[in-house]
Amino acid sequence: MSSLGSLPLPVSTDSDPLRDPALYINRELSQLDFNFRVLAQAMDPQVPLLERLRFMCISCTNLDEFFEIRAAAVRHAQEFGLPPAPDGMSPQAILNAIHERAAELVDQQYRCWNQTLRPALMEAGIGVLGRNSWTHRQKRWLRAYFRNEIMPVLSPLGLDPVHPFPKILNKSLNIVVVLKGTDAFGRSGHLAIVRAPRSLPRIIQLPEKLGGPQNFVFLSSVLSTFVDELFPGLEVLGAYQFRVTRNSELVVDEEEVENLALALRDELVDRGYRPAVRLEIAHDMPRDIVRTLLQNFGLTENAVYRIDGPVNLNRIIQLYDLIAQPDLKYPPMTPRTLRDSDGIFETTARKDLLLHHPFDAFAAVLDLIRQAALDPNVLAIKQTLYRTGKDSLIVDALIQAARAGKDVTVVVELRARFDEEANLGLADRLQEAGVQVVYGVVGYKTHAKMLLIVRREGRKLRRYVHLGTGNYHSGTARAYTDLSLITADADIGNDVHLLFQQLSGLASKMKLKRLLQSPFTLHTGILARIERETRIAAAGRPARIIAKMNALNEAQVIRALYAASQAGVQIDLIIRGACTLRPGVPGVSDNIRVRSIVGRFLEHSRVYWFGNDGAPELYCASADWLERNLLRRVETCFPILDPALAKRVYREVLQNYLDDNLNAWELDAEGIYHKRAPAHDEAPHSAQMALMQGL
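What this report covers is the structure whose coordinates are included nearby. (Residues numbered from 1 in each chain as written. Predicted model: local features only at pLDDT ≥ 70, side-chain atom pairs only at ≥ 80, totals over all residues. Heavy atoms only, no water.)

## Remarks on the pattern of salt bridges
Counted according to the given criterion, the structure contains 36 salt bridges. With its nearest N and O atoms 3.8 Å apart, the salt bridge here joins E457 to R462. Accessibility expressed as a relative area gives 25% for E457, which makes it partly exposed. Overlapping salt bridges bring together E346, D375, R455, E457 and R462 as one network. (Salt bridge = Lys/Arg side-chain N within 4 Å of Asp/Glu carboxyl O. Buried < 20%, exposed > 50% of the residue type's maximum accessible area, 1.4 Å probe, protein only.)

## Some remarks on helix α3 (residues 91–123)
If you check α3, its first and last C-alpha atoms are 46 Å apart, about what 33 residues at 1.5 Å a residue would give, namely 48 Å. A maximum bend of about 40 degrees is found in α3 at W113. After α3 finishes, the residue G125 shows a positive phi value of roughly 90 degrees. (Helix = DSSP H or I, 4+ residues; strand = E, 2+ residues; numbered from the N terminus. Expected span 1.5 Å × (residues − 1). Bend = angle between axes of the 7 residues up to and from the residue.)

## Some words on the nonpolar core
Counting 118 residues, the largest nonpolar core has M56, L552, L561, L573 and W625 as the members making the most contacts within it. For this core, the element with the most residues is helix α2 (residues 49–80), which contributes 13 residues. Grouped together as the second largest cluster of nonpolar side chains are 42 residues, L485, I492, L512 and W609 included. (Core = buried A, V, L, I, M, F, W, Y, C linked by side-chain atoms within 4.5 Å.)

## Comments concerning the packing of aromatic side chains
Tallied over the entire structure, the rule returns 12 aromatic pairs. Taking 6.0 Å as the distance between ring centres and 65 degrees as the angle between the ring planes, the aromatic pair formed by Y24 and Y562 counts as edge-to-face. In this pair, Y24 is assigned in the segment before α1 (27–42) and Y562 in helix α16 (residues 555–567), connecting sequence segments 538 residues apart. Neither Y24 nor Y562 differs from the other in exposure class; each is buried. Between W134 and F226 the ring centres are 6.2 Å apart and the planes differ by 15 degrees, which places this aromatic pair in the stacked class. Placement of the pair is W134 in the loop between β1 (127–128) and α4 (136–150) and F226 in helix α5 (residues 219–226), with a sequence separation of 92 residues. Taken individually, W134 and F226 each receive the classification buried, so the pair is uniform in this respect. Cation over ring: R54 sits above F55, and NZ or CZ is 5.0 Å from the ring centre. Cation over ring: R101 sits above F36, and NZ or CZ is 3.9 Å from the ring centre. (Phe/Tyr/Trp six-rings, centres within 6.5 Å; stacked < 30°, edge-to-face > 60°. Lys NZ or Arg CZ within 6 Å of the ring centre and 35° of its normal.)

Dropping the structure here:
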């Protein structure tokens, strides 16, 4: 059996044929494609109606974030002349392709809404009423609602030399109004902007007496219809909605700032007004107004998306909670609960515990922290927090522990995207309770999910550890698939202790016994294990790699996988989102298969399995095989040492998902995903359904 420590890592040169740009799919375009797979769920008649609505809204929200982060990053690359990615596309070519592909997605989203979901909702007794379908009584009630509830909080602004184009907040709803006539001061009407404050509801429910209990209208429709009330004495020639999406990536020079928290607070103030990347407009907006908006936002023509419906379509997600019809949603799932959770330390001392969320309740992790807070034998608690959610019970328990006199240290990642403000508040709250708060490492996001509890047991101190693939967030633990390991293994406990020492005390690089860690040993550890499988295959023995993750783009790992495939290693990759590797290329990746699973729950668990010549190794991790995760973040990758638990993870998370023929999409060498369907001799199999039924 090969020794990992003695293996040389793959060495590539510029002449390496595995660097050929044709072997790589563009990361941004691959990420966009994931949203087509999400939208396909909205079009599937087998999915309950309100769940289909939810999938459509998820695709819209994902697209917003894509422009805020990914498209904005490409613009940044263009402005600063950064080198192309392994696929060889220039930033300008990527931007052109993004806008072309995104236009297809937007067209499909609105056709899904207008032609499929909206009529289906109406058939189910749920009306989302357009302006042309309002009855006289409904219109009269809405006019009164506009006057009483909406108009008092609006501040329309006429555009003239004294009133230049106002600042437009990221993703806010706005109406541009074309006016005719003169106002009280003799000024000629031309254009005005009406901004809808965030305080206004985007979906308005009509009273039951006006046609039924479940009739709704969009705020955008109400604003466009009654906007003339804001301009008495002037004639409204047209009112057109628009929405601008801006770059939302915060930029803080961590090497220069003295206080990261203060610097982030300053950045958050301006996030809503950073450079624009996309403009959504009403489909009938006149060309001259479009030109005015483009000039104001500094955008080109291909950044415009004409919308046949509300520009903020994702706001329709509010219907999911407003409508109490269980038959239109997935049936509720009751997760498995841990036996003897009251004595979780005693249970873990005997054997490792594995939880597969959401099929296993996240309550066991909460119980672990709660019991640690209350147990007089617990001396110290150390934890990383990346995303926690509002009113987190975990945070409450950590505060309780600190107030009980325990030593509590929490590594709070202030730069968790879109949770920066929440994490700043969380850090303040923890510090006020006496918790020692650490902000991680300059230049590296702390994305690892780990908890360490130090407990006195007789004359000894024992370490209990929780390691996970997902965040300490009770909400996402019900919606995302993730894995949790709770263990008292001494080697793992010591590794986690050293990691916390490194994070809080800035200790030097250290040797870990069981865990792999980014940015130090995880990347090289993965490459070494791929190389080991390559050597096994080259020696004529069966070699296999199976890995499940959210995304893959790290070029050196991809080249190692290509080389492994060429040597005969059988490779199966289960990748939810972006994948820049091309499977099935003759002579290069014939032995690599890539599939994506999109179902009721968001696939989030990361598992790596290496055949290792009959002595398989199985790891779970917080990291995808992305360049940022492997090289620019603090991540943990942990082995499942108990053979029975390792077999369980293999069965539930790997083989089960490879057997899926209902929710799986397979990637071909052209970069196109194809929906898998059962063959004539195959029984239908859904991996997530099998897990809900107790696989």
